[in-house]
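# Chains, contacts and geometry: an overview
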Amino acid sequence: MAVLVTGGAGYIGSHTCVELLARGEQIIVADNFYNSKPRVIDMVKEITGKDFKFYKADICDRSSVENIFRENDIEAVIHFAGYKAVGESVKEPLMYYKNNIYSSVILLETMKKSRCKQFVFSSSATVYGIPKSVPITEDFPLGSINPYGSTKLIVENICRDLYDSEPDFRIALLRYFNPIGAHESGKIGDDPNGVPNNLMPIIMRVASGKLDKLSVYGNDYPTPDGTGIRDYLHVTDLALGHVRAIEKVRKEVGCKAFNLGTGKGYSVLEIINAFEEVNGLKIPDFIAPRRHGDAAECYSDPSLAKNELNWETKIGLNEMCRSSWNFAKSQIN
Ligand code: NAD
Ligand code: UD1
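How each quantity is defined
- Residues numbered from 1 in each chain as written.
- Chains lettered and ligands numbered in written order.
- Predicted model: local features only at pLDDT ≥ 70, side-chain atom pairs only at ≥ 80, totals over all residues.
- Heavy atoms only, no water.
- Near = heavy atom within 4 Å.
- Polar contact = N/O pair within 3.5 Å; in protein donor to acceptor, adjacent residues only side chain to side chain.
- Areas by Shrake-Rupley, 256 points an atom, 1.4 Å probe, with all protein chains shown as cover.
- Helix = DSSP H or I, 4+ residues; strand = E, 2+ residues; numbered from the N terminus.
- Nonpolar A, V, L, I, M, F, W, Y, C, P; charged D, E, K, R; others polar.
- Pairing = 2+ DSSP bridges.
- Right-handed = clockwise from strand over helix to strand, strands pointing away.
- Core = buried A, V, L, I, M, F, W, Y, C linked by side-chain atoms within 4.5 Å.
- Buried < 20%, exposed > 50% of the residue type's maximum accessible area, 1.4 Å probe, protein only.
- Contact = heavy atoms within 4.5 Å.
- Axes fitted to C-alpha atoms, helices over the stretch in contact; angles between N-to-C directions.
- Parallel < 35°, antiparallel > 145°, perpendicular 65-115°, else oblique.
- Left-handed = near helix turned anticlockwise from the far one by under 90°.
- Expected span 1.5 Å × (residues − 1).

## Some words on the site of ligand 2
- Near ligand 2, the surroundings consist of 20 residues, among which Asn198, Leu199, Ser215, Arg230 and Asp294 are the closest.
- A distance of 2.6 Å separates a nitrogen atom of ligand 2 from a polar backbone atom of Ser215.
- Contact distances for ligand 2 include 2.8 Å between an oxygen atom and a side-chain N or O atom of Arg230.
- Protein burial of ligand 2: of its 750 Å² of free accessible surface, 89% is covered by the chains.
- At the level of elements, helix 7 (199–207) and strand 8 (214–217) are the ones that each hand at least two residues to the shell around ligand 2.
- Residue composition of the shell around ligand 2, by class: nine nonpolar, eight polar and three charged.

## A short note on the pairing of strand 3 (residues 53–56)
- Bridge analysis of strand 2 (residues 27–31) against strand 3 gives four bridges, and the strand direction is parallel. Along strand 3, the bridge assignment pairs Ala30 with Tyr55.
- With helix 2 (residues 39–48) bridging strand 2 and the parallel strand 3, this β-α-β connection has right-handed handedness.

## Considerations on the nonpolar core
- Residues Val5, Ile27, Val120, Leu174 and Leu260 are the most contacted members of the largest nonpolar core, which totals 37 residues.
- Aside from chain neighbours lying at most four places away, what touches Leu260 is Leu174, Arg175, Tyr176, Phe177, Leu233, Leu238, Gly241, Ala305, Leu309 and Trp311.
- Grouped together as the second largest cluster of nonpolar side chains are 27 residues, Ala57, Ile101, Met111 and Val155 included.

## Quick notes on the packing of helix 7 against helix 9 (residues 268–279)
- Interhelical geometry of helix 7 versus helix 9 gives an angle of 45 degrees and a closest axis separation of 12 Å. Between helix 7 and helix 9, the interaxial angle falls into the category oblique. Viewed along their axes, helix 7 and helix 9 form a crossing whose handedness is right-handed. Touching Leu199, Met200, Ile203, Met204 and Ala207 of helix 7 are Val268, Ile271, Ile272 and Phe275, all from helix 9.

## Re the site of ligand 1
- Near ligand 1, the surroundings consist of 27 residues, among which Asp31, Asn35, Ser36, Asn99 and Tyr148 are the closest.
- One of the backbone N or O atoms of Phe80 is found 2.9 Å from an oxygen atom in ligand 1.
- For ligand 1, whose free accessible area comes to 820 Å², the fraction covered by protein is 95%.
- Taken together, the elements giving at least two residues each to the shell around ligand 1 come down to helix 1 (11–22), strand 5 (118–124) and helix 6 (147–165).

## A word on the packing of helix 3 (residues 62–71) against helix 5 (residues 93–113)
- For the pair helix 3 and helix 5, interaxial distance at closest approach is 10 Å and the crossing angle is 35 degrees. Note on packing geometry: the crossing formed by helix 3 with helix 5 is right-handed. Between helix 3 and helix 5, the residues in contact are Arg62, Val65, Glu66 and Phe69 and Ile106, Leu107, Glu109, Thr110, Met111 and Lys113, respectively.
- Partitioning the contact of helix 3 with helix 5 into residue classes produces five nonpolar, one polar and four charged.

## Description of helix 6
- Here helix 6 is 19 residues long and its end C-alpha atoms lie 27 Å apart, about the 27 Å a rise of 1.5 Å per residue gives.
- Of all the residues in helix 6, the buried ones are Pro147, Tyr148, Gly149, Ser150, Thr151, Lys152, Leu153, Val155, Glu156, Cys159 and Leu162.
- On the buried face of helix 6, the contacting elements are helix 4 (86–91), helix 5, strand 5, strand 6 (170–176) and strand 11 (254–260).

This is the structure:
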């Protein structure tokens, strides 16, 4: 029996494949390389010394998904495949609704037909919209402020409705906070195609000289240094959260959401300072206007994941900054 990992060549998916393989899980990976590169699959095999089946497939293509289920004995699915750029989702909403929602419906329909009922979904802290306070618990009001966030909220609702109608489904909705960092080997990391818009990938661009300066989006927030606060967690810790979620859905029916974060917030300036100190580099920056749709503070209360998944983060900010650059500098050509 295998775990199907969609989007397994991507940033979080590839790190999760490594952790699943390291624990003796059998995996099957599907990705269309829309936002990743084929060599990531070789790197995962090299890091773990393990082999697995890979399908270059679009999860929106029903016949490809049905074929994967026909050819394999799939016990559970972790669904990472999706588009994730907030700005792009505002410009191209239909592209986001189609890819993120349709892929999930096709997968769940195929799972239902194949009597595979264990599903782990990549949701996001974005489903909390602009939170009314921090730390955020899973029972906070949900809302979306952009099409990307709407797709995550809609798929969460689809999962809840499916569970209500089919109570033998076992679904974990994992609401990630801000994953950064890279595998300790330096062989895999965040390597998006195109222009990034998240803080750490942009710091990498400045560090590698591809961008002159970092725009700090606002220093007039009601936070100690005026810049935005987020809950950054190491991608390997996040990957381990998926290992625990798979163990959970194996044991229990239900459809439950879990925050995956550290519970601690860092400001933009604290991230820049930590990065500079750990890597001995200077990141030139300037204060730019606030970015539309940004909250002043967003960090998790991760106690539900601790109590029910037996998961908590272990890796600190310095290692997040060190490993991010260790990977990014190896990609400079
Ligand atoms: P990523 O872009 O690195 O990985 C996604 C992978 O899915 C890519 O390899 C891409 O090629 C693949 N893909 C996209 N559409 C596909 C399709 N139709 N068929 C097959 N493959 C497809 O992104 P990531 O950072 O690893 O994020 C993984 C998931 O987690 C996404 O759903 C994302 O929305 C969610 N998420 C990410 C973050 C973050 O900060 N990185 C935060 C919250 C949630
Ligand atoms: C952003 C998305 C969110 C998505 C998440 C993960 C927006 C409004 N929110 O969240 O929906 O779930 O990414 O993909 O896009 N910052 C700068 N300069 C930069 C980039 C970022 O100062 O060049 C600041 C931001 O204002 C924020 C912090 O850095 O305070 C983190 O930004 P980012 O990495 O984009 O994550 P989120 O804002 O949490």
